[in-house]
Amino acid sequence: MPRKQDKAGTSRTNASAVNAADALKSPRDGWTRYRKPAAATLVVAALLAVLVWDGSQPGMPANAGQSPNGVSTNGGREFLSMPAAAPTTASMPQATAVQRQQLVQQVVQADQALCQYQSGTRYPPGSRPVSQHPDQIYPNQPVAESHAMRKPDGTADKTVQIATTQSHVYLAAGEKAVFTVRANDAQGQPLTLQIDKAVAKGLSFAGQKESAALALNMNDSGQDGDTRAADGIYSATLQPAQSGFASFHGTVRTEVSYTVAGKPGRIFFDVVYSPELPATWVAGVRESNEGGQLRFTLRANVRLPGRYLVSARLDDAQGKPFALLSFNDVLPQGLNDIPLIVAGNLLRDQQAAMPLRLRDVDAYLLRENVDPDRLLMPRLEGQVAVSKTYALNAFSTEEWQSEERQRYLTEFGKDLQLAKNALRQLDPDVERNGYPQSECRTAGSSNAAAAIAASAQRLVR
């Protein structure tokens, strides 16, 4: 139970200690003298009892007489109790070091975000290093796959590996696709393959009329798309415009049934066919240096107006893939120029070897909210144009600019400045010693990296 309180609100134990002190003080010189050494001992013992008493009684919590800040509140009066252990000089630097490391990480992360965004957008969307799009470097190369033989019941036989190629996935009117199949064992040695049948059929959905099936000649005789007779590779050609698929728009699936070592298997090839040409190319490509950028201008006769997406590849003088160029805009009906622009800073940053070769152009009209979502133009395979030989200093070094890009750079710059300010408040010496930088900032010493760093510094000042 709590101790009883007197009318003054002071506990009896506390009152006894005060009375003992009063009894021992001299009427002449107050608290500074003591009558007997034994009395002094008594005073010290009494005061210690007051200081260490925590107000506990049987059945009470040990801290019942303390406020949350460690001050005793017995009887409505506050008495000093033993305070919680204060941080030592060893622990304070450690806590500060942890906080500083957290702020350093925030600076590095903010710097990484700014640097990566600026690096990734320094060239316009239609003029990108081809290394950023490795899957689009050679769009007309066959798609090659290898996997375990699939049985008709859906299971797989890993002892037989089926290797296939498909020349095209999308076909415009008049184009064709070639499929090949061969069989190997688990060690890669050829196995005898027998083609039972190859049938193409247009996939239909609810409410659509089913297309007729078309039998394909998949052979190993050096005919109908097969390049070499008796080499164990079977080939078939699908040319929708010269078959019952001439007016079909959608996915044409070719199902091949085969047998290897007496075991049946099957495989599928899908192509998306577009029977209608929304636009056709006009011969000739113009070339110019405009505003410090290299411009290739193609021309198309547009029959169906709408948004057209065009892609082309650019190789340097040694035939090394250099850039992926693209066009994305709405074209009206009639003759239209389609510019494919190479950014000047891309040419200079990557030290492009002249002349440049434009090749493998593909294009389509985008159709929204329908399937298929495109009408294909005829592809321009192989080399389309060769540029003149220019001195690189004829092109601009300026980064691409847009309102959206500047808005993002400004926001990323603000984030970085806030992180730096927080670090500087904790560690004022960081401004003199240099702020931490991200890997993006320190990875390269090229002109591009230097330009990124310089621009970032302007943003955060």
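Look above for the structure.
## A few points about the sheet that holds strand β8 (residues 214–215)
Hydrogen bonds between backbone groups are what pair the strands of a sheet, and the pairing can be parallel or antiparallel.
Next up, step 1: Reading across the sheet, the five strands line up as β4-β11-β10-β7-β8 and stay open at both edges, with mixed pairing between neighbours. At either end of the open sheet lies a strand with only one pairing partner, and these are β4 (170–172) and β8.

## Some words on the pairing of strand β14 (residues 306–315)
Regular strands place their side chains on alternate faces of the sheet.
Next up, step 1: Of all 10 residues making up β14, eight are buried, and the element is well covered by its neighbours.
Next up, step 2: Hairpin connection from β14 to strand β15 (residues 321–331): five residues lie between these consecutive antiparallel strands, with Gly319 at a positive phi of about 85°.
Next up, step 3: When β14 meets strand β17 (residues 357–366), the two strands line up antiparallel, connected through seven bridges. By the bridge assignment, Asp315 is partnered in β17 with Arg357.

## What about the pattern of salt bridges?
Next up, step 1: Tallying each qualifying case throughout the model produces 21 salt bridges.
Next up, step 2: The residue Glu403 makes a salt bridge to Arg407 at a minimum N-O spacing of 2.6 Å. Here Arg407 and Glu403 lie together in helix α5 (residues 403–426), a separation of four residues that amounts to about one turn.
Next up, step 3: Via salt bridges that share partners, Arg122, Asp349, Glu399 and Arg405 belong to a single interconnected network.

## Points about the packing of aromatic side chains
Next up, step 1: Inspection of the entire model under this criterion finds six aromatic pairs.
Next up, step 2: Where Phe179 meets Phe269, the ring centres are 4.6 Å apart and the plane angle is 20°; that geometry is what we call stacked. Taken as a pair, Phe179 in strand β5 (residues 177–185) and Phe269 in strand β11 (residues 263–274) lie far apart in primary sequence, 90 residues in all. Across the pair, Phe269 and Phe179 agree in class, each one buried.
Next up, step 3: Feature note: the residues Tyr117, Tyr408 and Phe412 constitute an aromatic cluster, connected by ring pairs.
Next up, step 4: Arg253 extends its terminal NZ or CZ atom over the ring of Phe268, reaching a point 5.1 Å from the ring centre.

What counts and what doesn't
- Residues numbered from 1 in each chain as written.
- Predicted model: local features only at pLDDT ≥ 70, side-chain atom pairs only at ≥ 80, totals over all residues.
- Heavy atoms only, no water.
- Pairing = 2+ DSSP bridges.
- Helix = DSSP H or I, 4+ residues; strand = E, 2+ residues; numbered from the N terminus.
- Buried < 20%, exposed > 50% of the residue type's maximum accessible area, 1.4 Å probe, protein only.
- Salt bridge = Lys/Arg side-chain N within 4 Å of Asp/Glu carboxyl O.
- Phe/Tyr/Trp six-rings, centres within 6.5 Å; stacked < 30°, edge-to-face > 60°.
- Lys NZ or Arg CZ within 6 Å of the ring centre and 35° of its normal.

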